[in-house]
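Chains, contacts and geometry: an overview
Here are the chains, one letter per residue:
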Amino acid sequence: MRIDPRAGFATAALLLVLDQASKFGITDGLGLTDLSDVVEITPFFNLRFVGNHGVSLGLLHADTDLMRWALVALTAAIAAGVAVWITREPRRADQIALGAILGGAVGNIVDRIRLGYVVDFLDLHFGDWRPFLVFNVADAAITLGVLVLLVRALLISDKAADPTENSHA
């Protein structure tokens, strides 16, 4: 069976464009460039600029140029692994989930290279309770991609879902 990875790479490209366009719209379009800059959209959702110097959940905070470039290298290595996985993944749904992860990773890599930090701006909250840190389109794409892969791995039987599987009755 020939694997066609175009769906995964198209998803990655689309999410990269959406991520970078949304960040440009926040910083250049709306002028949100400082921690005090907040636009209330609803009582539970704001646009709030945060320059994230770490990775998920603020871990691995990059205080120096060496740490910044180490995070770029680590994220690029992971992205390269995901790109290879896309080329070997026969299931289109998994390719698309991997494409979401790849597009999100590259979006955050672009920020870190260009700015030295990742632009986060989506602030979901309920009063003072914030179930998530401020995040961006790339973060959401990575999270959703990982969740889809986990759900599919844990709950969907490959034999039932794979029409190319030969049965020997």
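Computed from a predicted structure; not experimentally measured. Here the residue numbers are simple positions, counted from 1 along each chain's written sequence. This being a predicted model, a pLDDT of at least 70 is required before a residue's local features are given, and a value of 80 or more before pairs of side-chain atoms are given or counted; all residues contribute to the totals for chains, interfaces and linings. The side-chain numbers reported here are obtained from all heavy atoms of the structure, hydrogens and water having been left aside.

Things to note about helix H2 (residues 65–88)
Heads up, the condition is: In this description a helix means any DSSP run of H or I spanning at least four residues, a strand means any run of E spanning at least two, and both kinds are numbered starting from the N terminus. Here the expected length of a helix is defined as 1.5 Å per residue gap, with one fewer gap than residues. Think of it in three bands: with a 1.4 Å probe and only protein chains considered, a residue is buried below 20% of the maximum accessible area for its type, exposed above 50%, and partly exposed in between. Residue contacts are counted whenever heavy atoms from the two residues lie within 4.5 Å of one another.
For H2, spanning 24 residues, the distance from its first C-alpha to its last is 35 Å, which sits close to the expected 34 Å at 1.5 Å a residue. What H2 keeps buried is the set Arg68, Leu71, Val72, Ala79, Val82 and Ile86. On its buried side, H2 packs onto helix H1 (6–29) and helix H3 (92–115).

A few points about the packing of H1 against H3
Each pair of packed helices gets described by two things: the angle between the helix axes and the distance between those axes. In plain terms, the rule: With axes taken as lines fitted to C-alpha atoms, and helix axes fitted only over the stretch in contact, angles between N-to-C directions fall between 0 and 180 degrees. Crossing handedness is read from the near helix: turned anticlockwise from the far helix by less than a right angle, it gives a left-handed crossing, and turned clockwise, a right-handed one.
At a minimum axis distance of 7 Å, the contact between H1 and H3 shows a crossing angle of 35°. Judged by the sense of rotation from one axis to the other, the crossing of H1 with H3 is right-handed. Contact residues: H1 offers Ala7, Gly8, Phe9, Thr11, Ala12, Leu15, Leu16, Asp19, Gln20 and Lys23, while H3 offers Arg92, Gln95, Ile96, Gly99, Ala100, Leu102, Gly103, Val106, Gly107, Asn108, Val110 and Asp111.

Some details on the packing of aromatic side chains
For clarity, the threshold we go by: Ring geometry is summarised as follows: Phe, Tyr and Trp rings, the Trp one being its six-membered ring, pair when their centres sit within 6.5 Å, and such pairs are stacked at plane angles under 30 degrees, edge-to-face over 60 and tilted between the two.
Counting across every chain of the model gives four aromatic pairs. Between the aromatic rings of Phe49 and Tyr117, the centroid separation amounts to 6.3 Å while the plane-to-plane angle is 90°, which identifies the pairing as edge-to-face. In this pair, Phe49 is assigned in strand E2 (residues 45–52) and Tyr117 in the loop between H3 and strand E3 (118–124), connecting sequence segments 68 residues apart. By way of ring pairs, the aromatic residues Phe44, Phe126 and Trp129 are connected into one cluster.

Re the pairing of strand E1 (residues 38–42)
Going by this rule: Note on pairing: DSSP must find at least two bridges between two strands before they are called paired.
Pairing analysis gives four bridges linking E1 to E2, with the strands arranged antiparallel. Paired with Glu40 across the two strands is Asn46, which belongs to E2. Turn length for the E1-E2 hairpin, with the two strands adjacent in sequence and antiparallel, is two residues.

Regarding the sheet that holds E2
The sheet built from three strands is open, its strands ordered E1-E2-E3 with antiparallel pairing. Edge positions in the open sheet fall to E1 and E3, since each of these has one partner strand only. Within this sheet the neighbouring strands show an average axis-to-axis angle of 30°, counted without direction. Here E2 pairs with E3 via six bridges, running antiparallel. Looking at E3, one finds that Gly51 is bridged to Val119. Set on the sheet, H1 makes contact with E2 and E3; between it and E3 the angle comes to about 85°.

Some points on the side chain of Asp123
Selection rule: Two N or O atoms form a polar contact when they lie within 3.5 Å of each other; inside protein one atom must be a possible hydrogen donor and the other a possible acceptor, and for residues adjacent in sequence the pair counts only when both atoms belong to side chains.
Mapped onto the secondary structure, Asp123 falls in strand E3. Here Arg48 takes part through its side chain, which lies 2.8 Å from a polar atom of the side chain of Asp123. Not counting the four nearest positions on each side in its chain, Asp123 is found in contact with Phe44, Phe45, Asn46, Arg48, Arg130 and Val134.

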